[in-house]
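Coordinate inspection notes
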Amino acid sequence: MEDKEIAEGNITRYCKPSRIRKKSRKPFPAAFELREGERYLSAYLLEYFKNSCEKENMKAVKKYMEEIKHFSFRKNEGFAVLNIEHTRQYMINASQNVRFKEKKLPHCGILFYGDDLTISKLLAQCVHALYLVKDLENEE
């Protein structure tokens, strides 16, 4: 069975500290590059958590990754957030094809066809927020 397409909402992608610009708190395009053997970029659907604001959904993603995926975070790691509709339109305007698919929610995938470096640069430009782990922990 094919993975279901996600048409709306917001997704977040985990970013290593080396993939985040320190001064601007924006991700480098490298945060959106496929690793060898990957067919899609891993992300999480924020609306899955059904909180009233984006930051609360971000806290829920972090907790999910810690409890279910047994992930441990460093304070200077972060999460880049993209709006699916905006990103899809931005990519169409740039003549690129990007799709968002469920991969066992809340986990989802960003699938694309084309030059990895071009698409990673465009995806980085679509990020509307970046939350550092230390900022999510300070308010708990």
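Up top is the structure these notes are about.
Heads up: these notes are all about the structure in this document. Position numbers for residues count from 1 along each chain, tracking the sequence in the order it is written. For this predicted model, a pLDDT threshold of at least 70 governs which residues receive local features, and a threshold of 80 or more governs which side-chain atom pairs are given and counted, while totals over whole chains, interfaces and linings are taken from all residues. Only hydrogens and water are set aside; all other atoms, that is, all heavy atoms of the structure, feed into the side-chain values.

1. Some points on the overall build of the chain
The criterion, for reference: Here a helix means four or more residues in a row that DSSP labels H or I, a strand means two or more in a row labelled E, and each is numbered from the N terminus. Radius of gyration: over C-alpha atoms. The globule rule applied is 2.2 Å multiplied by the number of residues raised to the 0.38 power. Contacts: residue pairs with any heavy atoms within 4.5 Å of one another. Note that accessible areas follow from Shrake-Rupley with a 1.4 Å probe, and for residues the cover is restricted to the protein chains shown. We count Lys and Arg on the positive side and Asp and Glu on the negative side, and we leave His and both chain ends out. A charged residue contributes its charge at one atom only: NZ of Lys, CZ of Arg, CG of Asp or CD of Glu.
A count of helices and strands for the chain gives four helices and six strands. Listing every helix and strand of the chain by position from the N terminus yields β-β-α-β-α-β-β-α-β-α. Taken against the 2.2 N^0.38 rule, which gives 14 Å for 140 residues, the C-alpha radius of gyration of the chain at 14 Å falls within 12% of a compact globule. Once the C-alpha set of the chain is aligned to its principal axes, its extents read approximately 40 × 35 × 30 Å. In the chain, of all internal contacts separated by at least 6 residues, the share reaching a separation of at least 24 is 72%. Counting every atom, the chain has about 8100 Å² of accessible surface; 48% of that belongs to carbon and sulfur. Each charge class in the chain can be summarised by its mean position, and for the 26 positive and 21 negative side chains these summaries are 4 Å apart.

2. Here we look at the environment of K134
The test is simple: Residue burial is assigned from relative accessible area. The probe radius is 1.4 Å, only protein chains are included, and a residue is buried under 20% of its type maximum, exposed over 50%, and partly exposed in between.
By the element assignment, K134 lies in helix α4 (residues 133–137). With a relative accessible area of 38%, K134 lands in the partly exposed category. Each C-alpha atom of the pair K134 and S24 lies 16 Å from the other, and the pair is 110 residues apart in sequence.

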